[in-house]
Amino acid sequence: MKITQKKIALIHELLDGKRKKGDIAKSYGINLRTLERWEGDPEFMAVMDRMVQKAIRRGEQFLADKVWEISAKLYMLALSGNREKEIQRRACNDILDRVKETARWDRIDEKT
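The rules behind these values
Residues numbered from 1 in each chain as written. Predicted model: local features only at pLDDT ≥ 70, side-chain atom pairs only at ≥ 80, totals over all residues. Heavy atoms only, no water. Core = buried A, V, L, I, M, F, W, Y, C linked by side-chain atoms within 4.5 Å. Buried < 20%, exposed > 50% of the residue type's maximum accessible area, 1.4 Å probe, protein only. Helix = DSSP H or I, 4+ residues; strand = E, 2+ residues; numbered from the N terminus. Contact = heavy atoms within 4.5 Å. Arc of directions from axis to C-beta. Polar contact = N/O pair within 3.5 Å; in protein donor to acceptor, adjacent residues only side chain to side chain. Lys, Arg positive; Asp, Glu negative; His and termini not counted. Salt bridge = Lys/Arg side-chain N within 4 Å of Asp/Glu carboxyl O. Axes fitted to C-alpha atoms, helices over the stretch in contact; angles between N-to-C directions. Parallel < 35°, antiparallel > 145°, perpendicular 65-115°, else oblique. Nonpolar A, V, L, I, M, F, W, Y, C, P; charged D, E, K, R; others polar.

Looking at this model, I keep getting lost on the nonpolar core. Mind explaining?
Nonpolar side chains tend to gather and get buried jointly when the protein is soluble and globular. Core analysis: the biggest nonpolar cluster contains 14 residues, and Leu10, Ile11, Leu14, Ile30, Leu35, Trp38 and Phe44 have the highest contact counts within it. Top contributing element to this core by residue count: helix H4 (residues 42-80), with four residues. Leave out the neighbours within four places in its chain, and Ile30 touches Lys6, Leu10, Ala25, Leu35 and Trp38.

As structure tokens, then:
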């Protein structure tokens, strides 16, 4: 099966999830049965899978960037408090340690 720009655009819409599959098929001038046949084609699904994996990597990178930004703000907020600074500092350090432990850097650093 040849993967055309039309099919790539259709895959984007499928992955977007804002519309029903039948409505998407109709807007591209095909019926639902044709779309389901395409979904059974290994080449079509390979393209779709690559797009899903790319979206996952972008999402992971976005979250990793935000986690560090939010953690830094939380840390600064805790240090600016007047009461029980040592407890606040330790809590923030625990949060930052967990972020480091759970971050999936091996997947984030992959090239697309």
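I would appreciate a short explanation of helix H3 (residues 32-39) in the present structure.
Residues separated by three or four positions in an α-helix point in the same direction, a consequence of the helix having 3.6 residues per turn. Every buried residue of H3 is listed here: Thr34, Leu35 and Trp38. End-on, the buried residues of H3 take up no more than an arc of 100 degrees, which puts them together on one face. In H3, the exposed positions angled more than 90 degrees off the buried face are occupied by Arg33 and Arg37. The opening residue of H3, the one whose side-chain oxygen lies 3.1 Å from the backbone nitrogen of Arg33, is Asn31.

Got a minute to help me understand the side chain of Asp41 in this structure?
Within the secondary structure, Asp41 is located in the loop between H3 and H4. The side chain of Asp41 is buried and forms no salt bridge, while Lys7, the nearest opposite charge, is found at 7.4 Å. Reaching out from Asp41, the side chain makes a polar contact with the backbone nitrogen of Glu43 at a distance of 2.9 Å.

Would you explain the packing of helix H1 (residues 5-16) against H3 in this entry?
Geometrically, a packed helix pair is captured by the angle between its two axes and the distance between the axes. Put simply, H1 and H3 touch, their axes get as near as 13 Å, and they point 95 degrees apart. Relative to H3, the element H1 is oriented roughly perpendicular. On H3, the residues touching Lys7, Leu10 and Leu14 of H1 are Leu35, Trp38 and Glu39. Taken together, the residues of the contact of H1 with H3 break down into four nonpolar, no polar and two charged.

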